[in-house]
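Listed below, chain by chain, are the residues.
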Amino acid sequence: RKEVEQDPGPFNVPEGATVAFNCTYSNSASQSFFWYRQDCRKEPKLLMSVYSSGNEDGRFTAQLNRASQYISLLIRDSKLSDSATYLCVVNDYKLSFGAGTTVTVRA
Amino acid sequence: DAGVIQSPRHEVTEMGQEVTLRCKPISGHDYLFWYRQTMMRGLELLIYFNNNVPIDDSGMPEDRFSAKMPNASFSTLKIQPSEPRDSAVYFCASNHPETGNTIYFGEGSWLTVV
């Protein structure tokens with residue numbers, strides 16, 4: 001079983017829609033979690049950390065469910081500029097990246 | 001501030017040739033990571049250094065791959081001899097504990113082995 005698994009998508013959504021997707025992790029002892037964003041042919045960049053109580057950053061909401069070992073990302077009022085691949089990252093002594101979920105927002 | 005700097009940005013080489021990828025981490029960062037990204041396998045950690053010392057090289061695929069960090073501002077990843085299956089984007093990244101767990105990636109080196 002992979003350490004971090006994501007639905008690859010793609011999620012094709014119209015502007016203004018809400019899109020959400022999950023990521024599961026295998027190590028129950030993992031302590032910290034992140035979402036990174038990667039644009040086409042670019043390097044990954046930190047989008048947001050994921051806290052146990054859940055957290056928001058503007059239109060982005062991240063949730064952690066330790067019991068079921070998954071984290072989620074929700075994007076509200078999606079913009080064309082949100083089109084990217086979103087990488088789930090789990091830190092258990094090293095950062096393990098998921099393969100990414102591709103989101104395409106269409107006009 | 002300058003970010004992580006990698007070179008070359010693009011390289012096309014013939015099978016069997018030696019490839020050397022270079023990285024300059026962000027000044028003051030004491031962790032340096034080498035990742036490889038392919039469509040099939042996603043982003044894989046190859047090796048990481050702390051204070052110029054290799055800590056975990058378990059992700060290095062085989063003996064053809066080697067990495068060095070002779071000083072705090074420079075690291076190399078070498079493939080000798082290169083094979084077509086080594087074609088990938090190789091990212092270098094750096095981090096300092098004061099930045100939390102955020103790691104900063106370079107723009108990547110796009111390697112094609114023909």
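My aim in this report is to walk through the structure given alongside it, one point at a time. Bear in mind that the values here come from a model prediction, so they are computed numbers and not experimental data. (Residues numbered from 1 in each chain as written. Chains lettered and ligands numbered in written order. Predicted model: local features only at pLDDT ≥ 70, side-chain atom pairs only at ≥ 80, totals over all residues. Heavy atoms only, no water.)

## Some remarks on the state of the cysteines
Residue and element names in this part refer to chain A.
So, point 1. Scanning all chains against the criterion turns up 2 disulfides over all chains.
So, point 2. Through a disulfide, Cys23 is tied to Cys88; the S-S separation comes to 1.9 Å. Across the S-S bond linking Cys23 and Cys88, the dihedral sits near -65°, which makes this disulfide left-handed. Highlighted residues: Cys23 in strand β3 (residues 19–25) and Cys88 in strand β9 (residues 84–91), separated in sequence by 65 residues.
So, point 3. A relative accessible area of 0% means that Cys23 is categorised as buried. (Disulfide = S-S within 2.5 Å. Helix = DSSP H or I, 4+ residues; strand = E, 2+ residues; numbered from the N terminus. Buried < 20%, exposed > 50% of the residue type's maximum accessible area, 1.4 Å probe, protein only.)

## Thoughts on the side chain of Arg64 of chain B
So, point 1. For Arg64 of chain B, the position within the fold is in the loop between β6 (53–56) and β7 (65–71).
So, point 2. Excluding residues within four positions of it along the chain, Arg64 of chain B makes contact with Lys78, Ile79, Gln80, Pro81, Ser82, Glu83, Arg85 and Asp86 of chain B. (Contact = heavy atoms within 4.5 Å.)

## Quick look at the interface of chain B and chain A
So, point 1. Between chain B and chain A, the residue contacts involve 15 residues of the former and 14 residues of the latter.
So, point 2. Both sides together, the interface formed by chain B and chain A hides about 1,400 Å², and carbon and sulfur atoms give 57% of it.
So, point 3. It is Leu43, Asn101 and Phe105 of chain B in chain B that bury the most area against chain A; as a group they hold 33% of the surface buried on that side.
So, point 4. On inspection of chain B and its partner chain A, the count reaches 0 salt bridges. (Buried area = accessible area lost by both parts, 1.4 Å probe. Salt bridge = Lys/Arg side-chain N within 4 Å of Asp/Glu carboxyl O.)

So yeah, pure geometry; function would need other evidence.
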